[in-house]
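So you can see what is in the structure, the chains are spelled out below.
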Amino acid sequence: MNGAWVPAGDRELFDRQSPAHGVPVTRVPKCTVEDLDAAVDAARRAFDDRRWSGLNGQARAAVLLRTGALIRERADEIAYFETLENGKPISQARAEVLGCADMFEYASGLARSLHGDSFNNLGDGLFGLVTREPVGVVGLITPWNFPFLILCERVPYILASGCTIVAKPSEVTSATTLILAEILSDAGLPDGCMNVVTGAGSSIGQALIEHPRVDMLSFTGSTAVGRRVVEAAGKSNFKKLGLELGGKNPQIVFADADLEDAADGVAFGIGFNTGQCCVSGSRLIVERSVADDFARMVQAKFDKVRVGDPLDEATQIGAITTEAQNATIMSYIERGQAEGARLICGGAQLDMGRGQFIVPTLFGDVTRDMSIAREEIFGPVLTIMPFDTIEEAIEIANDTDYGLAASVWTKNIDKALTVTRQVQAGRFWVNTTLAGGPELPLGGFRQSGWGREAGIYGVEEYTQVKSVHIEIGKRDHWVK
Ligand code: TXE
């Protein structure tokens, strides 16, 4: 906070157990509402005295570049904490951390190229400018599924715009957010520009979304809490909002696709991060003529994928991050069977002697009204539905309240483009899935959220525009 560590003192502590190993791995304080106020004060002062937004783009870019370099230097350490707290495979965690360094390096360019517009066509008497200004103090609430990646899809862009930050990570995965704050300080970010408060969503999270001196709130998490964020903004100061919420993302596979590629991509799309991924391809929609064969191909991938200890370099699917999430996933698996879906494979927990693991699960005979076809499960659970025509595939894909992501697998360009145009989703993949990088924005249509993160759109999201009208020459007087 304000560029320095604050001793935990007599605050209550939260002990985090590794979800894969069942032993305590980290301990963070449960910050109080007074701590949050102090963090907002620090961010407010740092924004209002222009110690960051008043720097030129070159100086801001230099801090972001140094941050990228320091993340690379500490990549193994960050990845290790990420795996211990979240349960994701260590090789995946390392790749994510390096991707995060790239986010900072990319955003450093945006700090220099961010600009507005000019109007030289308003006649000889008037010149118009549109300038971009940072929104102010940004509250940043992040979830536990990608603690460092989701943080780094936002922080570099927020800082590139000139804003200051109060971040509240998920209570179960706070370590790497604290590490990032330390790195930013080491990289030369002025004190007060990045503050972290750890603790529960229901206390300091709620206080942050209601805070009258926070100008913008970026929230990534459940749709239920997203609704509270919108209500809190309305009841407090109408703070600007960025929301990335749930998804129930379709993967459409046509018979003319490279089915081997598609089966691998579909397995990856639901198995990656144990399906605890807002953009997981959890609804498989397959052309009927190949549906049974394709289900067998996906099942073969599931049978071979390596589920296990996330600290093992060979592991591809690690632990379920929280006991609550584990229970949620298992209850959906039971509900799916009770509603009449056919369990093709999986559906069970893997007994490793400790920790919580669920093997990839595939359901057939699924109808659109079933809860496993409609609700975000956030686990390695895939449903298959057949289609006969492209129109039907698009209709099934759009039959959801969400609109975060979608994939289409076909070698026919007309089908690929028709589906891409007509399926409502903020991120689209053609013959691939879950690809991404700092250039392409993320965000949802419909109830999956508001606004976009990353890319030029990501930095613009944290700015507001000002129109400047400049009179040239002698004024034509109103009072003659
Ligand atoms: O999310 P929460 P949970 C979905 C997924 C999952 C479900 C529940 O379906 O099963 O949400 O997960 C903070 N005011 N996603 O319960 O509670 C909380 O401390 C302010 C999808 O963990 O939304 C954490 O930092 N903040 C999603 C963050 O919100 C509050 C990723 C997310 O937690 C708060 C995670 C409050 N009243 C879950 N209550 C995605 N889009 O990737 C909680 N928080």
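Just so we're clear, the structure is a prediction, and the values are computed from it rather than from any experiment.

Asks: Can you explain the overall build of the protein chain? Please cite residues and give values.
Replies: In terms of helices and strands, the protein chain carries 16 helices and 18 strands. Taking 480 residues into account, the globule formula puts the C-alpha radius of gyration at 23 Å, and the protein chain, at 24 Å, falls close to it. Within the span of the protein chain, comprising 480 residues, buried residues form 54% of the whole. A separation threshold of at least 6 residues defines the contact pool for the protein chain, and within that pool the share at least 24 residues apart is 73%. When the accessible surface of the protein chain is totalled, it reaches about 20,000 Å², and 52% of it is carbon and sulfur.

Asks: Lay out the site of the ligand with the relevant residues and their values.
Replies: Taken together, the neighbourhood of the ligand is formed by 25 residues, with W144, E171, S222, Q325 and E376 sitting nearest. In this structure, E376 approaches the ligand through a side-chain N or O atom, which is 2.6 Å from an oxygen atom. Contact with the protein chains removes 85% of the 810 Å² of surface that the ligand exposes when unbound. Elements represented by at least two residues in the shell around the ligand include exactly α8 (201–210), β8 (216–220) and α9 (223–235). Among the elements that take part in the shell around the ligand, α8 stands out by supplying four residues, more than any other. Tallied by class, the residues present in the shell around the ligand amount to 10 nonpolar, 10 polar and five charged.

Asks: Mind laying out the sheet that holds strand β3 (residues 117–119), listing which residues take part and the relevant values?
Replies: Taken together, the three strands give an open sheet; going across it, the order is β3-β4-β18, and neighbouring strands pair in antiparallel fashion. The strands lining the two open edges of the sheet, one partner per strand, are β3 and β18 (463–471). The average angle at which neighbouring strand axes cross in this sheet is 20°, direction not considered.

Asks: With reference to specific residues and values, describe the side chain of T410.
Replies: Of note, T410 is situated in the loop between β15 (405–409) and α15 (413–422). At a separation of 2.9 Å, a polar atom in the side chain of T410 contacts the main-chain amide nitrogen of N412. Filtering out sequence-adjacent residues up to four positions away, T410 remains in contact with F254, D256, A257, K415, A416 and N431.

Asks: Can you explain the pairing of β8? Please cite residues and give values.
Replies: For β8, a buried count of five out of five residues is recorded, marking the element as mostly surrounded by other parts of the structure. Residues M216, S218 and T220 point to one face of β8 and L217 and F219 to the other, with burial holding for every one of them. Where strand β5 (residues 137–141) meets β8, four bridges bridge the pair, whose relative direction is parallel. Paired with I141 across the two strands is F219, which belongs to β8. Pairing analysis gives five bridges linking β8 to strand β9 (residues 240–244), with the strands arranged parallel. Directly across from T220, in β9, lies its bridge partner E244. Since β8 and β9 lie parallel, the crossover through α9 that links them has a hand, and here it is right-handed.

Asks: Now, about the packing of helix α3 (residues 75–86) against helix α7 (residues 175–186): what can you tell me, with residues and values included?
Replies: A packed helix pair is summarised by two numbers, namely the angle formed by the two axes and the spacing between the axes. Between α3 and α7, whose axes approach to 9 Å, the crossing angle comes to 160°. Taken together, the axes of α3 and α7 lie roughly antiparallel to each other. Listed contacts from α7 to E77, I78, F81, E82 and E85 of α3 are A175, T176, I179 and I183. Partitioned by chemical class, the residues of the contact of α3 with α7 number five nonpolar, one polar and three charged.

Asks: Lay out the pattern of salt bridges with the relevant residues and their values.
Replies: A complete count under the given rule lists 29 salt bridges for this structure. For E96, the salt bridge is made with K88, and the minimal N-O distance between the two is 2.9 Å. As far as burial versus exposure is concerned, E96 and K88 are alike and both buried. R335 is the partner of E375 in a salt bridge, and the nearest nitrogen-oxygen pair spans 3.7 Å. Separated by 40 residues along the polypeptide, E375 in the loop between α13 (371–374) and β14 (381–387) and R335 in helix α12 (residues 323–338) bring together distant segments of the chain.

Asks: Which residues make up unusual backbone geometry, and what values do they have?
Replies: With the exception of glycine, the majority of residues adopt a negative phi angle, and the majority of peptide bonds are in the trans configuration. With a phi angle near 60°, N273 is a residue other than glycine that sits in the positive phi range. Position of N273 among the secondary structure elements: in the loop between α10 (259–271) and β11 (283–287). On the basis of relative accessible area, N273 is assigned to the buried category, the value being 3%. One non-glycine residue, N431, adopts positive backbone phi at about 55°. For N431, the location among the structural elements is in the loop between β16 (427–430) and β17 (449–450).

Asks: Just give me the short version of the sheet that holds β17, but keep the residues and values in it.
Replies: The six strands are arranged β7-β6-β5-β8-β9-β17 in an open sheet whose pairing can be described as mixed. Single-partner strands in this sheet number two, and they are β7 (194–196) and β17. Running over the sheet, α7 touches β6 (164–168) and β7 and is turned about 155° from β7.

Cut-offs applied
Residues numbered from 1 in each chain as written. Predicted model: local features only at pLDDT ≥ 70, side-chain atom pairs only at ≥ 80, totals over all residues. Heavy atoms only, no water. Helix = DSSP H or I, 4+ residues; strand = E, 2+ residues; numbered from the N terminus. Rg over C-alpha atoms; globule rule 2.2 N^0.38 Å. Buried < 20%, exposed > 50% of the residue type's maximum accessible area, 1.4 Å probe, protein only. Contact = heavy atoms within 4.5 Å. Areas by Shrake-Rupley, 256 points an atom, 1.4 Å probe, with all protein chains shown as cover. Near = heavy atom within 4 Å. Polar contact = N/O pair within 3.5 Å; in protein donor to acceptor, adjacent residues only side chain to side chain. Nonpolar A, V, L, I, M, F, W, Y, C, P; charged D, E, K, R; others polar. Pairing = 2+ DSSP bridges. Axes fitted to C-alpha atoms, helices over the stretch in contact; angles between N-to-C directions. Right-handed = clockwise from strand over helix to strand, strands pointing away. Parallel < 35°, antiparallel > 145°, perpendicular 65-115°, else oblique. Salt bridge = Lys/Arg side-chain N within 4 Å of Asp/Glu carboxyl O.

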